[in-house]
Each structure stands twice: as C-alpha cells, then as structure tokens.
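# Coordinate inspection notes
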Amino acid sequence: MTTEDPDDRALWSQAAGGSAHAFGVLFDRHARAVYNHCFRLTASWAAAEDHLQATFLTAWRKRDQVRLERESALPWLLTVATNVVRNDRRSLARRLRLFSRVPDPGHVPDHADQVAGRVDDQRRMAELLKAVGKLPRNEREALALCVWSGVSYADAAAVLGITEGSVRARVSKARSRLKQNDLVTVGEDR
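Quantities reported herein were computed from a predicted structural model and do not represent experimental measurements.

## Section: a nonpolar patch on the surface
On the surface, Leu92, Leu96, Phe99 and Val102 cluster together into a nonpolar patch covering about 420 Å² of accessible area. Relative to the helices and strands, Leu92 resides in helix 4 (residues 74–101). Leu92 gets classed as partly exposed once you look at its relative accessible area, which sits at 42%.

Listed below in structure tokens is the structure:
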C-alpha cells in the first residue's frame with residue numbers, strides 16, 4: 001500500500017456506498033490471506049476456493065451494515081471465513097446424519113441380463129412375426145388367440161364363429177408351418 005492507496009476503512013466506506021471498484025481493491029488486497037486461512041482450516045485447496053468466494057460474497061452483502069473498527073478489513077474477513085467454514089462443516093454433518101438414516105436398499109439385482117433377454121426376445125419375435133405374416137389369416141388369428149394369448153379353444157371358436165375342432169386344426173397347421181421354418185411359437189409373456 002502506497003501513500004496514495006486508501007486504507008481499508010476508506011475503501012470499505014466507498015464499497016458500502018456501492019463502489020464495486022473499491023470492493024475489488026479490498027478483494028485483491030486480502031484474497032490471498034483469506035484463501036490461505038481457509039486452506040489451513042480445511043486442508044483442501046478446492047474447499048478453500050469455495051470458502052473464499054463465500055466469504056467475499058458475505059462481505060459484499062453486508063458491506064453497508066458493517067463498520068470497520070480497525071484500519072484493516074482483514075481481521076473481520078478472517079472471522080467471516082472462519083464462520084463460513086464452520087457453517088459448511090455443520091451442514092456436512094447434518095447431511096451425513098440424514099444419509100445415515102436412509103435405509104440400506106440391500107442387494108440391487110443387475111438388470112443387464114433382463115435387458116439382454118428382452119432385446120433377444122424382440123429379435124426372435126420380429127423373425128416369428130415375419131413368418132406368421134406369411135400364414136393364412138385364419139391360422140394367424142387362431143395362433144394369436146390360443147397360443148400367444150392363452151385363450152381356450154372353445155372361447156376362440158366362439159369369437160371366430162367356427163367350431164372348436166376348426167380352431168384346433170388351424171393352430172396345428174400354423175405350428176407345423178412355423179416348425180418347418182425352425183421357429184417356435186412362444187405363448188408366454190415376460
């Protein structure tokens with residue numbers, strides 16, 4: 001600080017009046033000391049950076065409420081930094097207590113096998129659907145109702161307006177044609 005540089009009290013007064021430049025000079029003057037102080041309290045350069053920012057943010061917000069009693073703003077800034085670190089530690093302790101109350105979810109099964117199975121099912125179903133699309137319509141309907149959806153032959157016959165024997169015959173023909181293409185008709189859902 002030269003004889004031309006205003007002291008902290010004068011800069012603080014200017015900052016309280018809204019001078020961002022005066023506050024910037026205070027920051028430039030004391031940031032390193034506050035940063036090092038925060039590092040000594042936390043043993044973390046990253047946390048010290050965060051606490052430095054929080055300290056000067058608090059100082060900016062309180063600039064018009066605080067009157068410096070000494071020529072230097074550093075003691076007050078270091079006190080604010082200490083409180084910022086203390087508050088952060090308390091918040092962390094609260095969060096850790098909250099996390100400790102969350103019940104352990106236990107074993108969470110890996111869903112990768114299920115996903116892979118579903119992808120394989122889709123591929124096989126697409127192949128089967130392509131082959132089923134080549135069947136006559138009456139066989140497709142009987143197959144979809146009885147084999148895929150589990151509707152009884154009697155109920156399918158009533159819906160289709162044919163005899164139960166005709167439904168059985170259509171399902172049998174559809175299965176035979178699909179077996180010729182090495183396709184299996186799956187009647188269960190996942």
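## A short note on unusual backbone geometry
For Ala43, which is not glycine, the phi torsion reads 60 degrees and is therefore positive. Mapped onto the secondary structure, Ala43 falls in the loop between helix 2 (20–42) and helix 3 (45–61).

## What to know about the side chain of His37
Secondary-structure assignment places His37 in helix 2. Beyond its immediate chain neighbours, meaning those up to four positions away, His37 contacts Leu78, Ala81 and Thr82.

## Side note on the packing of helix 7 (residues 153–160) against helix 8 (residues 164–180)
Closest axis-to-axis distance for the helix 7/helix 8 pair is 8 Å, and the angle between their directions is 105 degrees. By the angle between their axes, helix 7 is roughly perpendicular relative to helix 8. Residues Tyr153, Ala154, Ala156, Ala157 and Leu160 of helix 7 form the contact with helix 8, whose own contacting residues are Glu164, Val167, Arg168 and Val171. Counted by class, the contact of helix 7 with helix 8 contains 7 nonpolar, no polar and 2 charged residues.

## Focus on helix 3
When the terminal C-alpha atoms of helix 3 are compared, their 24 Å separation across 17 residues agrees well with the 24 Å that a helix rising 1.5 Å per residue should span. Among the residues of helix 3, those classed as buried are Ala47, Ala48, His51, Leu52, Thr55, Phe56 and Ala59. End-on view of helix 3: buried residues confined to an arc of 160 degrees, all on one side of the axis. Within helix 3, the exposed residues directed more than 90 degrees away from the buried face are Ala46 and Arg61. Where helix 3 is buried, its residues contact helix 1 (8–16), helix 2 and helix 4.

Criteria and cut-off values
- Residues numbered from 1 in each chain as written.
- Predicted model: local features only at pLDDT ≥ 70, side-chain atom pairs only at ≥ 80, totals over all residues.
- Heavy atoms only, no water.
- Patch = residues over 30% accessible without salt bridge, like charges linked within 9 Å, V, L, I, M, F, W, Y side chains within 5 Å.
- Areas by Shrake-Rupley, 256 points an atom, 1.4 Å probe, with all protein chains shown as cover.
- Salt bridge = Lys/Arg side-chain N within 4 Å of Asp/Glu carboxyl O.
- Helix = DSSP H or I, 4+ residues; strand = E, 2+ residues; numbered from the N terminus.
- Buried < 20%, exposed > 50% of the residue type's maximum accessible area, 1.4 Å probe, protein only.
- Contact = heavy atoms within 4.5 Å.
- Axes fitted to C-alpha atoms, helices over the stretch in contact; angles between N-to-C directions.
- Parallel < 35°, antiparallel > 145°, perpendicular 65-115°, else oblique.
- Nonpolar A, V, L, I, M, F, W, Y, C, P; charged D, E, K, R; others polar.
- Expected span 1.5 Å × (residues − 1).
- Arc of directions from axis to C-beta.

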